[in-house]
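Fold and geometry: a report
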Amino acid sequence: MTVPSKESEADTISVAIVGAAGRMGRMLVHAVHAEADMSVSAAVEREGDPLVGVDAGTAAGIGEIGVTIGSSLERALAVSDACIDFTLPEPTVDHAGMCRAQRRAMVIGTTGLSRDQLAVVKEAASDIAIVHAPNMSVGVNLCFKLLDVAARALGDSVDIEIIEAHHRNKVDAPSGTAVRMGEILAGALDRNLADCAVYGREGHTGVRDRKTIGFETIRAGDIVSEHTVMFAGDGERIELTHRGTSRANFAAGAVRAVRWAVSQPSGLYDMQDIIGLR
Ligand code: NAD
């Protein structure tokens, strides 16, 4: 059980932001600071980052909030109920150990953890509440559930295509979110995604096999994030679309997750738990 015993104002959830100078970290400083029932109790960066020593609000572009960016999560946790970590896999795993040692809840947004690193996070979650979700958007996580419901209802009566679009700087394809959507659809339809996925099409492709799941990728301009799943049958078509218009949607999900996590028993959770869709 996570024990919030730090020296903070009663009824206010004090949150340490880890990776506070990063794109998501700055967004999170802004988002947590804006919540009436939360405060940014500490902000942490890697040692040597040029923004260590700078006010976290100034770094986030919202003006001074009286919290200087430091480089010790251990010190930060002493004055915090929980931390939100959007950094890199290796530090995230170390941070999970520190949260465990001090019995603080943790929200992990960092992506790309290896199987071994995930195992360490899971082990830490035997003593504290940890929420880990590679996509913290509440909307995307709701879509995951809706896709499962739709696929089970429609079965093999439709062709399924996943179309995703992101900005020109995204270097991987399809997006992790599109792949997760494919996994959910394949799972609901008792298919193996590795066997049924078709990535892009060109030339003489032959007639479409209904049991495939198609992925189409668009990389263009400054598109933040768009995912459409098309269920196309005979005489009708359903399209479920999520459009992310700014990174604020991830920060909003992380804020919701940390509020939820501080009152949970130890365990490893994801956004489906937070939005009550488990
Ligand atoms: P970023 O590079 O802008 O920020 C990461 C920050 O972490 C940097 O400022 C870096 O200095 C800091 N950092 C590195 N090592 C550290 C350490 N030991 N201690 C403290 N800080 C440290 O990256 P970003 O775009 O903010 O993304 C960060 C992570 O979050 C990535 O893994 C990304 O894929 C993920 N992400 C997840 C979601 C989600 O919804 N779960 C959304 C967006 C990004």
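Above this text is the structure in question.
In this report, the structure presented in the accompanying data block is examined. (Residues numbered from 1 in each chain as written. Predicted model: local features only at pLDDT ≥ 70, side-chain atom pairs only at ≥ 80, totals over all residues. Heavy atoms only, no water.)

**Looking at helix 1 (residues 23-33)**
Note that an α-helix has 3.6 residues per turn; residues three or four places apart therefore point the same way. Of all the positions in helix 1, only Met-24, Gly-25, Leu-28, Val-29, Ala-31 and Val-32 are classed as buried. Looking at the packing, one finds that the buried side of helix 1 touches strand 1 (13-18), strand 2 (38-44), helix 2 (56-60), strand 4 (82-85) and helix 9 (248-261). (Buried < 20%, exposed > 50% of the residue type's maximum accessible area, 1.4 Å probe, protein only. Helix = DSSP H or I, 4+ residues; strand = E, 2+ residues; numbered from the N terminus. Contact = heavy atoms within 4.5 Å.)

**Some details on the pairing of strand 10 (residues 225-232)**
Buried residues dominate strand 10, accounting for 6 of its 8 residues. With 7 bridges connecting them, strand 7 (residues 159-166) and strand 10 associate as antiparallel partners. Residue pairing for strand 10: Glu-161 is matched across the bridge by Met-230. Turn length for the strand 10-strand 11 (residues 237-244) hairpin, with the two strands adjacent in sequence and antiparallel, is 4 residues, and the turn residue Gly-235 shows positive phi of about 85 degrees. (Pairing = 2+ DSSP bridges.)

**A short note on the site of the ligand**
Surrounding the ligand, one finds 23 residues, the nearest of these being Arg-23, Met-24, Glu-45, Thr-111 and Met-136. Note that an oxygen atom of the ligand is positioned 3.2 Å from one of the backbone N or O atoms of Gly-22. Within the backbone of Met-136, a nitrogen or oxygen atom sits 2.7 Å from an oxygen atom of the ligand. At the level of elements, helix 1 and helix 4 (89-102) are the ones that each hand at least two residues to the shell around the ligand. Residues belonging to the shell around the ligand are distributed by class as follows: 10 nonpolar, 8 polar and 5 charged. (Near = heavy atom within 4 Å. Polar contact = N/O pair within 3.5 Å; in protein donor to acceptor, adjacent residues only side chain to side chain. Nonpolar A, V, L, I, M, F, W, Y, C, P; charged D, E, K, R; others polar.)

**Notes on the packing of aromatic side chains**
What the rule picks out here adds up to 2 aromatic pairs. Between Tyr-199 and Phe-215, the aromatic rings sit 5.0 Å apart at their centres with planes inclined by 25 degrees, giving stacked as the arrangement. Separated by 16 residues along the polypeptide, Tyr-199 in strand 8 (residues 197-199) and Phe-215 in strand 9 (residues 213-219) bring together distant segments of the chain. A relative accessible area of 2% places Phe-215 in the buried class. (Phe/Tyr/Trp six-rings, centres within 6.5 Å; stacked < 30°, edge-to-face > 60°.)

**A look at the sheet that holds strand 12 (residues 267-269)**
Pairing is parallel across the open sheet formed by 7 strands, whose spatial order is 3-2-1-4-5-6-12. The strands lining the two open edges of the sheet, one partner per strand, are strand 3 (69-70) and strand 12. This element, helix 4, spans strand 1, strand 4 and strand 5 (105-108) of the sheet and lies at about 165 degrees to strand 5. (Axes fitted to C-alpha atoms, helices over the stretch in contact; angles between N-to-C directions.)

**Some remarks on the environment of Arg-75**
Secondary-structure assignment places Arg-75 in helix 3 (residues 73-78). The spatial distance from the C-alpha of Arg-75 to the C-alpha of Val-44 is 9.6 Å, given a sequence separation of 31 residues.

**Describing the packing of helix 6 (residues 138-154) against helix 7 (residues 176-188)**
Relative to each other, helix 6 and helix 7 sit at 30 degrees, their axes nearing to 8 Å. When the axes of helix 6 and helix 7 are compared, the pair comes out roughly parallel. Once helix 6 is placed against helix 7, the crossing between them reads as right-handed. Residues Val-140, Cys-143, Phe-144, Leu-147, Asp-148, Ala-151 and Arg-152 of helix 6 pack against Thr-177, Arg-180, Met-181, Ile-184, Leu-185 and Ala-188 of helix 7. (Parallel < 35°, antiparallel > 145°, perpendicular 65-115°, else oblique. Left-handed = near helix turned anticlockwise from the far one by under 90°.)

Structural measurements only, silent on function.
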